[in-house]
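The primary structure of each chain is shown beneath.
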Amino acid sequence: GTGPTWDYHKRRAEQAYGRAIWYGLQLLEQTAPGFQDATKNSDTMKAWLAQFEGPEDAEKLFWLGYAWMGRVNIAKERPEW
């Protein structure tokens, strides 16, 4: 549906996913600083991701990915996201 209530809840969900992504990145930066620089290309991203090992890192990466995909899904019509 559409309408004021739908728009309101959609914006709230976008903001919640945005906060989850921000906090997730802060957590990952404690292990491997430099995420922003790593986004240059696939090689820099692979090198950054190679710093993570073990189940505790997998869990952090999973939940960050989950939040990011949730935001992408809810904001499909916003290409800047």
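Predicted model only: the values in this text are computed from it and were never measured.

A. Broad picture of the pattern of salt bridges. In total, this model carries two salt bridges according to the counting rule given. For Lys10, the salt bridge goes to Glu14, with nearest N and O atoms at 3.3 Å. With a gap of four residues between them, Lys10 and Glu14 both fall in helix α1 (residues 4–31), about one helical turn apart. For the pair Lys10 and Glu14, a shared accessibility class is recorded, and that class is buried.

B. Representation of the nonpolar core within the structure. Among the nonpolar cores identified, the biggest contains ten residues, and these are Ile21, Leu25, Leu28, Ala32, Phe35, Ala38, Trp48, Phe52, Leu64 and Ala67. If you list the elements that add at least two residues to this core, you get α1, α2 (35–38) and α4 (54–74). Of all the elements, α1 adds the most residues to this core, at three residues. Those residues in contact with Leu28 that lie beyond four places of it in its chain are Trp48, Phe52, Lys60, Leu61 and Leu64.

C. Quick look at the packing of aromatic side chains. Scanning all chains against the criterion turns up seven aromatic pairs. Pairing Phe35 with Trp48 gives two aromatic rings, centres 5.2 Å apart and planes at 65°, and the pair type is edge-to-face. Residue Phe35 is found in helix α2, and its partner Trp48 is found in helix α3 (residues 42–49); the two are separated by 13 residues along the sequence. Taken as a pair, Phe35 and Trp48 share a single burial class, namely buried. Summarising the aromatic geometry, the rings of Trp48 and Phe52 are spaced 5.0 Å apart at their centres and angled 75° between planes, so their arrangement reads as edge-to-face. Trp48 sits in the buried class, given a relative accessible area of 5%. Under the relative-accessibility criterion, Phe52 is labelled buried at 10%. One aromatic cluster is present, built from ring pairs that chain together Phe35, Trp48, Phe52 and Trp68.

Rules used throughout
- Residues numbered from 1 in each chain as written.
- Predicted model: local features only at pLDDT ≥ 70, side-chain atom pairs only at ≥ 80, totals over all residues.
- Heavy atoms only, no water.
- Salt bridge = Lys/Arg side-chain N within 4 Å of Asp/Glu carboxyl O.
- Helix = DSSP H or I, 4+ residues; strand = E, 2+ residues; numbered from the N terminus.
- Buried < 20%, exposed > 50% of the residue type's maximum accessible area, 1.4 Å probe, protein only.
- Core = buried A, V, L, I, M, F, W, Y, C linked by side-chain atoms within 4.5 Å.
- Contact = heavy atoms within 4.5 Å.
- Phe/Tyr/Trp six-rings, centres within 6.5 Å; stacked < 30°, edge-to-face > 60°.

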